[in-house]
Amino acid sequence: MPKISNLKEKWNFLIEKLTHQFADGDELNIDGIIYLIGVQELGQGYRTFKKDEKVNLMHIAICKLLEPYGYYEFDFFDDEGWPHYKILTELPNLKPGEQTVLMKEAIINYFDSLNYFE
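(A) Highlighting the overall build of the protein chain. What the protein chain contains, in helices and strands, is 4 helices and 2 strands. The order of helices and strands in the protein chain, counted from the N terminus, is α-α-α-β-β-α. With the C-alpha coordinates aligned to their principal axes, the bounding extent of the protein chain is approximately 40 × 35 × 25 Å. Accessible area of the protein chain: about 8000 Å², with a carbon and sulfur share of 51%. When the 12 basic and 20 acidic side-chain charges of the protein chain are each reduced to a single mean position, those positions are 3 Å apart.

The structure is reproduced here in structure tokens:
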């Protein structure tokens, strides 16, 4: 497979591949990908999560995704193995479209760091 270099191509590739792997025909959206990243970062494998745990998984993913931007820093793992982050800098007030662009870029960077596109 040739190396994918631009963000739009990477995003489309990521959506297609993750949808094929994890969705039952319905295209994954950005929230679904953030959830998957949270599960990956928790590192406890596949299991059924309660509603509040799902919210916490999304929080873990967002912290991990925005850590390279200087917004969060990993702090510790609790007794149940859940990672905790501390806020370094408050997030700027972004319009919804700007938030989406930031999160898509952060997701692409996350998967780039895993050599997912090579």
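Text resumes after the structure shown.
(B) Examining the nonpolar core more closely. Counting 26 residues, the largest nonpolar core has Leu14, Ile33, Ile37, Leu65, Ile107 and Phe111 as the members making the most contacts within it. When residues of this core are traced back to their parent elements, those giving at least two are helix H1 (7–22), helix H2 (30–42), helix H3 (51–66) and helix H4 (96–113). In contact with phenylalanine 111, other than residues within four places in its own chain, are Leu14, Leu18, Ile33, Ile37, Tyr116 and Phe117.

(C) Main features of the pairing of strand E2 (residues 83–87). When strand E1 (residues 72–77) meets E2, the two strands line up antiparallel, connected through 5 bridges. Note that in E2 the partner of tyrosine 72 across the bridge is isoleucine 87. What sits between E1 and E2 in their antiparallel hairpin is a turn of 5 residues, with glycine 81 showing a positive phi close to 85°.

(D) Structural view of the packing of H3 against H4. Packing of H3 against H4 leaves a shortest axis separation of 9 Å and a crossing angle of 80°. If you check the angle between H3 and H4, you find them roughly perpendicular. Counting all contacts with H3, which are made through Ile62, Lys64, Leu65 and Leu66, the residues of H4 involved are Leu102, Met103, Ala106, Ile107 and Tyr110.

(E) A look at the packing of H1 against H2. The geometry of H1 relative to H2 is characterised by a closest axis approach of 11 Å and an angle of 70° between their N-to-C directions. Here H1 is positioned roughly perpendicular relative to H2, judged by the angle of their axes. When you trace H1 past H2, the crossing you get is left-handed. Contacts from Trp11, Ile15, Leu18 and Phe22 of H1 reach H2 at Ile30, Ile33 and Leu36.

(F) Main features of H1. In a regular helix each residue adds 1.5 Å, so 16 residues correspond to 22 Å; H1 covers 22 Å between its end C-alpha atoms and thus fits that length. Of all the positions in H1, only Lys10, Trp11, Phe13, Leu14, Ile15, Leu18 and Thr19 are classed as buried. In this structure, the buried residues of H1 make contact with H2 and H4. Two to three positions downstream of the cap, the backbone nitrogen of lysine 8 sits 2.9 Å from a side-chain oxygen, assigning the N-cap of H1 to asparagine 6.

Definitions and cut-offs
- Going along each chain's sequence as written, the residues are numbered from 1 onward.
- A pLDDT threshold of at least 70 governs which residues receive local features in this predicted model, and a stricter bar of 80 or more applies before side-chain atom pairs are shown or counted, although totals over entire chains, interfaces and linings include all residues.
- As a rule here, side-chain values cover all heavy atoms of the structure and leave hydrogens and water aside.
- Helix and strand definitions here come from DSSP, where helices need a minimum of 4 consecutive H or I residues and strands a minimum of 2 consecutive E residues; each element is numbered from the N-terminal end.
- Note that accessible areas follow from Shrake-Rupley with a 1.4 Å probe, and for residues the cover is restricted to the protein chains shown.
- His is not counted, nor are the chain ends; Lys and Arg add positive charge and Asp and Glu add negative charge.
- By convention, the point assigned to a charge is CZ for Arg, NZ for Lys, CD for Glu and CG for Asp.
- Here, the term nonpolar core denotes a set of buried Ala, Val, Leu, Ile, Met, Phe, Trp, Tyr and Cys residues that are joined through side-chain atoms within 4.5 Å.
- The cut-offs for exposure are 20% and 50% of the maximum accessible area for each residue type, with area from a 1.4 Å probe on protein chains only; residues under the lower value are buried, those over the upper are exposed, and the others partly exposed.
- Residues count as neighbours in contact if any of their non-hydrogen atoms are within 4.5 Å of one another.
- For two strands to be treated as a pair, DSSP must find no fewer than two bridges joining them.
- A fitted line through C-alpha atoms represents every axis, and for helices the fit uses only the stretch in contact; the resulting angles, taken between N-to-C directions, go from 0 to 180 degrees.
- When describing relative orientation, an angle under 35 degrees is termed roughly parallel and one over 145 degrees roughly antiparallel, while 65 to 115 degrees is termed roughly perpendicular and anything else oblique.
- Crossing chirality is assigned from the near helix's rotation relative to the far helix, an anticlockwise turn below a right angle marking it left-handed and a clockwise turn marking it right-handed.
- A helix is expected to span 1.5 Å multiplied by its residue count minus one.
- Distance and chemistry together define a polar contact, namely a pair of N or O atoms within 3.5 Å, with one atom able to donate a hydrogen and the other to accept it when in protein, and with adjacent residues in sequence counting only for side-chain atoms on both sides.

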